[in-house]
Amino acid sequence: MSTEEETRQLWRSCDVVCFDVDSTVCTDEAIDEFAKFLGHGEKVAELTKNAMTGIVSYRVALQQRLNLMRPTRDQLQEFIQVHPPSLTPGIKELISLLQSKKVAVYLVSGGFKEILQPLAHMLNVPNENVFANKLLFDEQGVYVGFDESEPTSESGGKPRVIEQLRERLSCATIVMVGDGATDLETFPNHADAFIGFGGNQIRAKVKNESKWFVTDFQEMIKELGQAVRCGTL
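This report concerns the structure included in the present document. On a predicted model such as this, the values are computed, not experimentally measured, just so you know.

Reading the values: the criteria
Residues numbered from 1 in each chain as written. Predicted model: local features only at pLDDT ≥ 70, side-chain atom pairs only at ≥ 80, totals over all residues. Heavy atoms only, no water. 1 Å grid on protein atoms, 1.4 Å probe; cavity = no way out; pocket = protein on both sides within 12 Å on 5 of 7 lines; lining within 4 Å. Points joined across faces, edges and corners; volume = space filled by probe spheres on them. Helix = DSSP H or I, 4+ residues; strand = E, 2+ residues; numbered from the N terminus. Nonpolar A, V, L, I, M, F, W, Y, C, P; charged D, E, K, R; others polar. Salt bridge = Lys/Arg side-chain N within 4 Å of Asp/Glu carboxyl O. Buried < 20%, exposed > 50% of the residue type's maximum accessible area, 1.4 Å probe, protein only. Polar contact = N/O pair within 3.5 Å; in protein donor to acceptor, adjacent residues only side chain to side chain. Contact = heavy atoms within 4.5 Å. Pairing = 2+ DSSP bridges. Axes fitted to C-alpha atoms, helices over the stretch in contact; angles between N-to-C directions. Parallel < 35°, antiparallel > 145°, perpendicular 65-115°, else oblique. Left-handed = near helix turned anticlockwise from the far one by under 90°.

**With respect to the layout of surface pockets**
Computed from the structure, the largest pocket encloses a volume of approximately 250 Å³. Lining the largest pocket we find 15 residues, and of these E29, D32, K49, Q201 and R203 sit closest to its centre. When residues of the lining of the largest pocket are traced back to their parent elements, those giving at least two are α3 (30-38) and α4 (41-52). Per-element tally for the lining of the largest pocket: the top contributor is α4, with 4 residues. Looking at the lining of the largest pocket residue by residue, the class counts come to 3 nonpolar, 5 polar and 7 charged.

**Quick notes on the pattern of salt bridges**
Per the stated rule, a full pass over the model turns up 15 salt bridges. Salt-bridge contacts for E223 lead to R8; the nearest nitrogen and oxygen are separated by 2.5 Å. In this pair, E223 sits in helix α12 (residues 217-230) while R8 sits in helix α1 (residues 4-13), placing the two residues 215 residues apart along the sequence. Across the pair, exposure class does not vary: E223 and R8 are buried alike.

**Topic: unusual backbone geometry**
A negative phi angle is the norm for most residues apart from glycine, just as the trans form is the norm for most peptide bonds. Of the consecutive residues F187 and P188, the connecting peptide bond is found in the cis state with omega at 15 degrees. Mapped onto the fold, P188 is located in the loop between α10 (181-184) and β7 (193-197). For R70, which is not glycine, the phi torsion reads 40 degrees and is therefore positive. Relative to the assigned elements, R70 resides in the loop between α5 (58-69) and α6 (73-82). For R70, a relative accessible area of 44% translates into the label partly exposed. We note that K102 has phi near 65 degrees; this positive angle belongs to a residue other than glycine. Here K102 shows up in the loop between α7 (91-100) and β2 (104-112). Residue classification places K102 among the exposed residues on the basis of a relative accessible area of 74%.

**A few points about the side chain of S109**
For S109, the position within the fold is in strand β2. A residue is classified by how much of its surface remains accessible, and S109, at 0% relative accessible area, is buried. For S109, the side chain forms a polar contact with the main-chain nitrogen of G111, separated by 2.7 Å. When residues no more than four places from it in sequence are discounted, the contact partners of S109 are V21, D22, L116, F131, A132, N133, T152 and K158.

**Notes on the sheet that holds strand β6 (residues 174-178)**
An order of β3-β2-β1-β6-β7-β8 is seen for the 6 strands of this open sheet, with the pairing classed as parallel. Every interior strand has two partners, whereas the edge strands, β3 (130-133) and β8 (212-214), have only one. Within the sheet, the average angular offset between the axes of one strand and its neighbour, ignoring direction, is 20 degrees. Along the sheet, α5 contacts β2 and β3; its crossing angle with β2, the most-contacted strand, is approximately 55 degrees. Along the sheet, helix α9 (residues 157-169) makes contact with β1 (16-19), β2, β3 and β6, crossing β2 at roughly 150 degrees.

**With respect to the pairing of strand β5 (residues 143-146)**
Note that strand β4 (residues 135-137) and β5 share 3 bridges and pair antiparallel. Residue pairing across strands places F137 opposite Y143, the latter belonging to β5. Hairpin connection between β4 and β5: a loop of 5 residues separates the two successive antiparallel strands, and G141 in this loop has a positive phi of roughly 85 degrees.

**Regarding the packing of α3 against α6**
At a minimum axis distance of 11 Å, the contact between α3 and α6 shows a crossing angle of 110 degrees. Considered as vectors, α3 and α6 are oriented roughly perpendicular to each other. Every pair of crossing elements has a handedness; the one defined by α3 and α6 is right-handed. Residues A30, E33, F34, F37 and L38 of α3 form the contact with α6, whose participating residues are Q75, L76, E78, F79 and V82. Of the residues contributing to the contact of α3 with α6, the split by class is 7 nonpolar, 1 polar and 2 charged.

So this is what it looks like as structure tokens:
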């Protein structure tokens, strides 16, 4: 699909929606907030920016950030307790509306599963619908790396998640929603449509290459409302 109107039509009739999390579902970048908590905020934020704009590969940026942070298991659990998810306005309403229409919702993130689990629970998204990275610790809780088998740990990972879902769900129409370069990679060869989101961060590449770019989830909610009135959902 090559136009905004065609993207809107797919949005109104899709079977599956995959949401990026950091700066899309949530207002912040969790890895940056975790880095601040650990005292490495400024440098890690710069590396995150490089990853989101496509300057370096996502896996390289992930390795660089985690090598700086080197969190322990206890620090991760403490961060989760003191830093609850900061939802983007309208996202809970949007996901609830999609779920009421029997649209399957997935969270596809370069962040960490441990941090995403409370968020998924808050949004009524099953844990099996969460694709994200996993931190690895030794028996003493010392950081030893991350699970490189997770598709979201590298550039091109989100397209691979889309392909896994397509195989699992057969003929489903899949829409990806996100703010970053790794989200944009899913279209046009994997997702049926991509919607760029700039409500928290506007990234020039995503804005320029998205067929439909929104800065407020209310616009997407309104579009679903039109679908209801037209009887297409």
